[in-house]
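# Chains, contacts and geometry: an overview
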Amino acid sequence: MEDWIWILVAVACLAVGVLAGVLIRKKVAEAKIGSASQEAARILDEGIKAAETKKKEALIEAKEEIMRSNKEFEREIKERRSEISRLERRCVSREEALDKKIEATERKEEILDKKIKENNELTGEIEKIKVLQLERLEQISGYTVEEAKQEIISQIEDEAKHSAALRLVEIEERLKEIADDKAKDIISLAIARCASDQVAEATISVVPLPNDEMKGRIIGREGRNIRAIETLTGVDLIIDDTPEAITLSGFDPVRREVARLTLEKLIVDGRIHPARIEEIVEKSKKEVEASVKQAGERATFDTGIHGIHADLVKILGRLKYRTSYGQNVLMHSIEVSLLSGIIADELGVDSMVAKRAGLLHDIGKAMTHEKEGSHVQIGVELAKKYKESDEIIHAIEAHHGDIESHSVIAFIVQAADAISAARPGARRENVENYIKRLQKMEELAESLPGVEKSFAIQAGREIRIMVKPEMVSDTDMVLLAREIAKKIEAELKYPGQIKVNVVRESRAVDYAK
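Please read all numbers here as calculations on a predicted model, not as lab measurements.

### A look at the overall build of the chain
- Within the chain one finds 14 helices and eight strands.
- Counting over 513 residues, the chain shows a buried share of 29%.
- Counting every atom, the chain has about 35100 Å² of accessible surface; 55% of that belongs to carbon and sulfur.

### Focus: unusual backbone geometry
- Of note, glutamate 222 is a non-glycine position whose phi angle comes to about 55°, a positive value.
- Position of glutamate 222 among the secondary structure elements: in the loop between helix H3 (213–219) and helix H4 (224–233).
- Although it is not a glycine, lysine 387 adopts a positive phi angle of roughly 60°.
- According to the relative accessible area criterion, lysine 387 is exposed, its value standing at 72%.

### Regarding the pattern of salt bridges
- For the structure on display, the rule yields 23 salt bridges.
- With a shortest N-O distance of 3.1 Å, arginine 276 and glutamate 279 are connected by a salt bridge. Here the residue arginine 276 and the residue glutamate 279 both occupy positions in helix H6 (residues 274–303), the gap between them amounting to three residues, near one helical turn.
- Judged by its relative accessible area of 12%, arginine 276 is buried.
- The exposure class assigned to glutamate 279 is partly exposed, which follows from its relative accessible area of 38%.
- Across the pair aspartate 362 and lysine 365 runs a salt bridge, and its minimum N-O distance is 3.6 Å.
- Salt bridges here are not isolated pairs; linked through shared partners, they connect Asp269, Arg271, Arg276, Glu279 and Lys283.

### Considering the packing of H4 against H6
- Closest axis-to-axis distance for the H4/H6 pair is 10 Å, and the angle between their directions is 30°. Taken together, the axes of H4 and H6 lie roughly parallel to each other. The chirality of how H4 crosses H6 is right-handed. Where H4 abuts H6, its residues Arg224, Asn225, Ala228, Ile229, Leu232 and Thr233 lie against Pro274, Ile277, Glu278, Val281 and Lys285.

### Details of a negative patch on the surface
- Together, Glu95, Glu96, Asp99, Glu103, Glu106, Glu109, Glu110 and Asp113 line one region of the surface with negative charge.
- Mapping aspartate 99 onto the fold places it in helix H1 (residues 2–141).

### Section: the pairing of strand S3 (residues 245–249)
- Burial of S3 is extensive: four of the five residues sit out of reach of the surface.
- Pairing between strand S2 (residues 236–238) and S3: three bridges, direction antiparallel. Counterpart to isoleucine 238 in the pairing with S3 is threonine 247.

### Section: the sheet that holds strand S7 (residues 462–467)
- On the basis of which strands lie adjacent, the open sheet formed by three strands has the order S6-S7-S8 and mixed pairing. Only two strands of the sheet have a single partner each, and these edge strands are strand S6 (451–457) and strand S8 (499–504). The sheet shows a mean angle of 20° between the axes of neighbouring strands, taken without regard to direction.
- With six bridges connecting them, S6 and S7 associate as antiparallel partners. Residue pairing in the sheet places lysine 453 in a bridge with methionine 466 of S7.
- Along the sheet, helix H14 (residues 474–491) contacts S6, S7 and S8; its crossing angle with S8, the most-contacted strand, is approximately 150°.

### Quick look at helix H10 (residues 375–385)
- Taken together, the buried positions of H10 are occupied by His375, Val376, Ile378, Gly379, Val380, Leu382 and Ala383.
- Just past H10, the residue lysine 387 takes up positive phi, approximately 60°.

### Let's talk about a nonpolar patch on the surface
- Taken together, the side chains of Ile5, Trp6 and Val9 present a nonpolar region at the surface, about 330 Å² in accessible area.
- In this fold, valine 9 is placed in helix H1.

### Topic: the confidence of the model for the chain
- Chain-level statistics for the chain give a pLDDT mean of 81 and a share of 89% at 70 or above.
- With pLDDT under 50 throughout, residues 197–203 is counted as low confidence; its partners more than four residues away or in other chains account for 21 contacts.

### Comments concerning the side chain of serine 340
- Inspection of the secondary structure puts serine 340 in helix H8 (residues 329–347).
- Judged by its relative accessible area of 0%, serine 340 is buried.
- Side-chain polar atoms of serine 340 contact the backbone oxygen of valine 336, separated by 2.7 Å.

The rules behind each value
- Residues numbered from 1 in each chain as written.
- Predicted model: local features only at pLDDT ≥ 70, side-chain atom pairs only at ≥ 80, totals over all residues.
- Heavy atoms only, no water.
- Helix = DSSP H or I, 4+ residues; strand = E, 2+ residues; numbered from the N terminus.
- Buried < 20%, exposed > 50% of the residue type's maximum accessible area, 1.4 Å probe, protein only.
- Areas by Shrake-Rupley, 256 points an atom, 1.4 Å probe, with all protein chains shown as cover.
- Salt bridge = Lys/Arg side-chain N within 4 Å of Asp/Glu carboxyl O.
- Axes fitted to C-alpha atoms, helices over the stretch in contact; angles between N-to-C directions.
- Parallel < 35°, antiparallel > 145°, perpendicular 65-115°, else oblique.
- Left-handed = near helix turned anticlockwise from the far one by under 90°.
- Contact = heavy atoms within 4.5 Å.
- Patch = residues over 30% accessible without salt bridge, like charges linked within 9 Å, V, L, I, M, F, W, Y side chains within 5 Å.
- Lys, Arg positive; Asp, Glu negative; His and termini not counted.
- Charge placed at Lys NZ, Arg CZ, Asp CG, Glu CD.
- Pairing = 2+ DSSP bridges.
- pLDDT = per-residue confidence, 0-100.
- Polar contact = N/O pair within 3.5 Å; in protein donor to acceptor, adjacent residues only side chain to side chain.

Below, the structure written as structure tokens:
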């Protein structure tokens, strides 16, 4: 019981203590609040006083700034007014100067109008005088003004035409001289740079024999061996009294070469009978074909030309066994190619095209034994077949003058062909046929009216024709020369070209008494 009492007393004491603590803390807090309120009031008063002070200072500064702005504005206004005044004075002075200029201009206009009026009066008087003078001149000359103008214009035109004609003749002569000199230089340079040996080749081949007994073995029993050789090769074997030799005669050089190789192999082998002959002929044909291919490839290599069709190269190689007037056609084609390249370089033309045209210009001669037509026609067909350019085809077609040349390459190939064919010893011709051709040439020239005498000179490269001056005028000479050239082209066959030189001698005779 006493424990509960003591607990209650303790609790009561604890409550009294807590209450007393709370009261004490409340008083202390109230005291602190009071002092804080006083401090806040003091700080507020000080802030109000400081704000009033700042306000007064700001007002003072604003007033001072306004005063400074007013002074600056007044100063600027004063400067602007002075500038305006200066500009006004300047405008006034300029206006006065402009007025003076206007007055001076008006005075000048008045003077100018006066002078124009005087000038018009003088012009009228001059026109009257001019009309009177023209009328007087028309009376004196008997021409009207228009007629006189036309007469003067006509005289001037005649003089101009005459002067132009003289000048044109002079220029043409000078250009011809320059062109001739240049052509001679180019041709001589081309010939000098492409010097090659020329050997005339024959249309027969001679096969040496070890002894005359071999002739009988080649003929065979009842001539069967020689008939087999001639049948298989297409070549005639001429066995005569010539010791230790057999002559092969044939127009086709390829066949003749096959026959020559066949005979040489048969002589070395010793077995001569139709079966063996047939076997050897086939081997010889293959060797010749291989030689033809190598010759064509060698020709393209020597001339530096590439891109030719393989079949066309083989056809080109066949020219190795083809001759023209005794001149080897393949060597001639290579020479024409090199000459064409040199001339083209000198003229500034594409030398590769010129060399290609020169190499292929006689390609048709390789097929003349197999196809009908001239070698020019055959060559054009081959070039078209193997897709050669139009320029190459035209050069082939025009190199003998069958058509008119219209490209520089065609003219170059013509010149190179003539140079190669005209070399001394390049081509040979039967003396009798040569003389007959010269006689025929003179007869053709002398058959035309007005021709007095003709002479074939320069080994048939030129014909000199003397005409009767009373029958042939200077103008007719040109037509006569052309007519003779056409007759020679139509009725004669000749290598290169022939110069037709017509000479007209006129004499004037008088006597001094």
